[in-house]
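# Coordinates in review
The residues making up each chain are set out below.
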Amino acid sequence: MLYYTTMRFKCTTAYYLTHWERMGMNEGAQKRMVIVLFILVEASTPIPCEMVAAISGEEEYEVYRILEEKWREFLQKQILEEEVCYSIYHASFLDFLKTKWELKPTRKLFQDVNQRIVNYIEQEIA
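Residues numbered from 1 in each chain as written. Predicted model: local features only at pLDDT ≥ 70, side-chain atom pairs only at ≥ 80, totals over all residues. Heavy atoms only, no water.

### Focus: helix α5 (residues 91–99)
Turning to α5, its buried residues are Phe93, Leu94, Phe96 and Leu97. Viewed end-on, α5 has its buried residues packed into an arc of 160°, placing them on one side of the element. Away from its buried face, by an angle of more than 90 degrees, α5 presents the exposed residues Ala91 and Thr99. (Buried < 20%, exposed > 50% of the residue type's maximum accessible area, 1.4 Å probe, protein only. Helix = DSSP H or I, 4+ residues; strand = E, 2+ residues; numbered from the N terminus. Arc of directions from axis to C-beta.)

This is the structure in structure tokens:
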């Protein structure tokens, strides 16, 4: 049983590493994509492109291009309250993403992003 579990983990990890590559995450100068992906990972629930853009500080069109043109096959797209929302397509892929160094919440880059998330939520509640 342990062998089966270990092999399954290795296969799943290899499969998701392929996803990581196809998402363009090993390319240089991907700060915008890392921030957008971090927001999706932190949210853990479907959120609209407009919200991702507001939190990231990027133009909505640029975020839309990332979500629809680069990552569409890796995201679940659904309509919630008449808005198109995006989330990571599978819980195990989300778990994989949380293990990636590039998306560790302790990175200095994400301290600012986390504060933007808090600010956005507070603004929406007010």
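### What to know about a negative patch on the surface
A surface patch of negative charge is lined by Glu50, Glu60, Glu81, Glu82, Glu83 and Glu124. You can see Glu81 is positioned in the loop between β2 (75–80) and β3 (83–88). (Patch = residues over 30% accessible without salt bridge, like charges linked within 9 Å, V, L, I, M, F, W, Y side chains within 5 Å. Areas by Shrake-Rupley, 256 points an atom, 1.4 Å probe, with all protein chains shown as cover. Salt bridge = Lys/Arg side-chain N within 4 Å of Asp/Glu carboxyl O. Lys, Arg positive; Asp, Glu negative; His and termini not counted. Charge placed at Lys NZ, Arg CZ, Asp CG, Glu CD.)

### Observations regarding the packing of aromatic side chains
Under the counting rule described, the total for this entry stands at seven aromatic pairs. Here Tyr89 and Phe93 contribute two aromatic rings whose centre-to-centre distance is 5.5 Å and whose plane-to-plane angle is 45°, an arrangement assigned as tilted. Since its relative accessible area comes to 26%, Tyr89 is described here as partly exposed. (Phe/Tyr/Trp six-rings, centres within 6.5 Å; stacked < 30°, edge-to-face > 60°.)

### Describing the pattern of salt bridges
As enumerated under the stated definition, the model contains seven salt bridges in all. A salt bridge links Glu62 to Arg65; the nearest nitrogen and oxygen atoms lie 3.5 Å apart. Here Glu62 pairs with Arg65, and both are found in helix α4 (residues 60–70), just three residues apart, close to one helical turn. Linking Arg65 and Glu69 is a salt bridge whose minimum nitrogen-to-oxygen distance equals 3.3 Å. Here the residue Arg65 and the residue Glu69 both occupy positions in helix α4, the gap between them amounting to four residues, near one helical turn. A single network of salt bridges, built from pairs that share partners, joins Arg32, Glu58, Glu62, Arg65 and Glu69.

### A look at the pairing of β3
Consecutive residues of a regular strand have side chains that alternate between opposite faces of the sheet. Alignment of strand β1 (residues 47–48) against β3, held across two bridges, turns out to be antiparallel. Bridged to Pro48 within β3 is Cys85. Pairing between β2 and β3: six bridges, direction antiparallel. Residue Gln76 lies in a different strand from β3, and its bridge partner there is Ser87. Between the antiparallel neighbours β2 and β3 lie two residues, among them Glu81 with a positive phi of about 50°. (Pairing = 2+ DSSP bridges.)

### Details of unusual backbone geometry
You will see that Ser44, though not glycine, has its phi angle at about 60°, which is positive. Note on placement: Ser44 falls in the loop between α2 (31–43) and β1. The exposure class assigned to Ser44 is partly exposed, which follows from its relative accessible area of 39%.

### So, helix α3 (residues 49–56)
Think of an α-helix as turning once every 3.6 residues; residues three or four places apart then point the same way. Where α3 is concerned, the buried positions are Cys49, Val52, Ala53, Ile55 and Ser56. Each buried residue of α3 sits inside an arc of 165° when the element is viewed along its axis, so together they form one side. Two residues or fewer past α3, Gly57 is found with a positive phi of approximately 80°.

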